[in-house]
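Spelled out, the chains give:
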Amino acid sequence: MNNAHHADVTALYELIAKIGTADEAKELFADLCTTTEIAAMAQRIAAAKLLIEGKTYEQVIAETEISSATLSRVSKCVKYGDGYRKFLAAEK
């Protein structure tokens, strides 16, 4: 990643960190993403929640209609990443 790209990504994360409410998030993401991209992110979050609850791949696919390839990626992030567990576990 070159320095300019890295700065752009950092600026994106800093902008997202400024979001204070769900309504503000909705406004920003409506400008940043297509409705399809937003739906895909929401689907990944729903799948991560179900995996954290202990659901099987088959159950998650049935409930979310997520592809097995995407579910595999989400599962790896749930197991080895920090984001899903940190923020979704805080919802309980």
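Our subject is the structure listed above.
It should be emphasised that the depicted structure is a prediction, and the values quoted were computed from it without experimental measurement. (Residues numbered from 1 in each chain as written. Predicted model: local features only at pLDDT ≥ 70, side-chain atom pairs only at ≥ 80, totals over all residues. Heavy atoms only, no water.)

For the protein, the count of helices and strands is six helices and zero strands. Listing each helix as α and each strand as β along the protein from the N terminus yields α-α-α-α-α-α. Summarising its shape, the C-alpha atoms of the protein cover approximately 40 × 30 × 25 Å along the three principal directions. Taking all 92 residues of the protein together, 18% fall into the buried category. Taking the contacts inside the protein whose residues are at least 6 apart along the sequence as the reference set, 33% of them involve residues at least 24 apart. (Helix = DSSP H or I, 4+ residues; strand = E, 2+ residues; numbered from the N terminus. Buried < 20%, exposed > 50% of the residue type's maximum accessible area, 1.4 Å probe, protein only. Contact = heavy atoms within 4.5 Å.)

What follows concerns the environment of Leu50. Within the element layout of this structure, Leu50 appears in helix 3 (residues 35–52). Here Leu50 falls in the buried class, since its relative accessible area comes to 10%. As a C-alpha pair, Leu50 and Thr64 span 14 residues in sequence and 9.3 Å in three-dimensional space. Those residues in contact with Leu50 that sit more than four places away from it in its chain are Lys55, Val60, Glu63 and Thr64.

Okay, the packing of helix 4 (residues 57–64) against helix 5 (residues 68–80) next. Across the interface, helix 4 lies against helix 5 with an axial gap of 11 Å and an inter-helix angle of 120°. The orientation of helix 4 with respect to helix 5, classified from their angle, is oblique. Classified by chirality, the crossing of helix 5 by helix 4 is right-handed. For the pair helix 4 and helix 5, contact is made by Tyr57, Val60 and Ile61 and by Ser68, Leu71, Ser72 and Ser75, respectively. Of the residues contributing to the contact of helix 4 with helix 5, the split by class is four nonpolar, three polar and no charged. (Axes fitted to C-alpha atoms, helices over the stretch in contact; angles between N-to-C directions. Parallel < 35°, antiparallel > 145°, perpendicular 65-115°, else oblique. Left-handed = near helix turned anticlockwise from the far one by under 90°. Nonpolar A, V, L, I, M, F, W, Y, C, P; charged D, E, K, R; others polar.)

Take the side chain of Ser75 next. With respect to the helices and strands, the residue Ser75 is situated in helix 5. Apart from the residues within four sequence positions on either side, Ser75 is in contact with Leu51 and Tyr57.

Attention now goes to the side chain of Thr64. Relative to the assigned elements, Thr64 resides in helix 4. Thr64 gets classed as buried once you look at its relative accessible area, which sits at 16%. A polar side-chain atom of Thr64 sits 2.7 Å from the main-chain carbonyl oxygen of Val60. Not counting residues up to four positions away in its chain, the partners in contact with Thr64 are Gln43, Ala46, Ala47 and Leu50. (Polar contact = N/O pair within 3.5 Å; in protein donor to acceptor, adjacent residues only side chain to side chain.)

Let us now look at helix 3. Its 18 residues give helix 3 an end-to-end C-alpha distance of 26 Å, which sits within 8% of 26 Å, the value for a rise of 1.5 Å per residue. Taken as a whole, helix 3 has its buried residues at Ala47, Ala48, Leu50, Leu51 and Ile52. The inward-facing, buried residues of helix 3 contact helix 4, helix 5 and helix 6 (83–89). A positive phi of about 100° marks Gly54, the residue just after helix 3. (Expected span 1.5 Å × (residues − 1).)

Right, let's get into the state of the cysteines. One pass over the structure, following the stated rule, counts zero disulfides. You can see Cys33 has no disulfide; the closest cysteine sulfur is in Cys77, sitting 17 Å from it. (Disulfide = S-S within 2.5 Å.)

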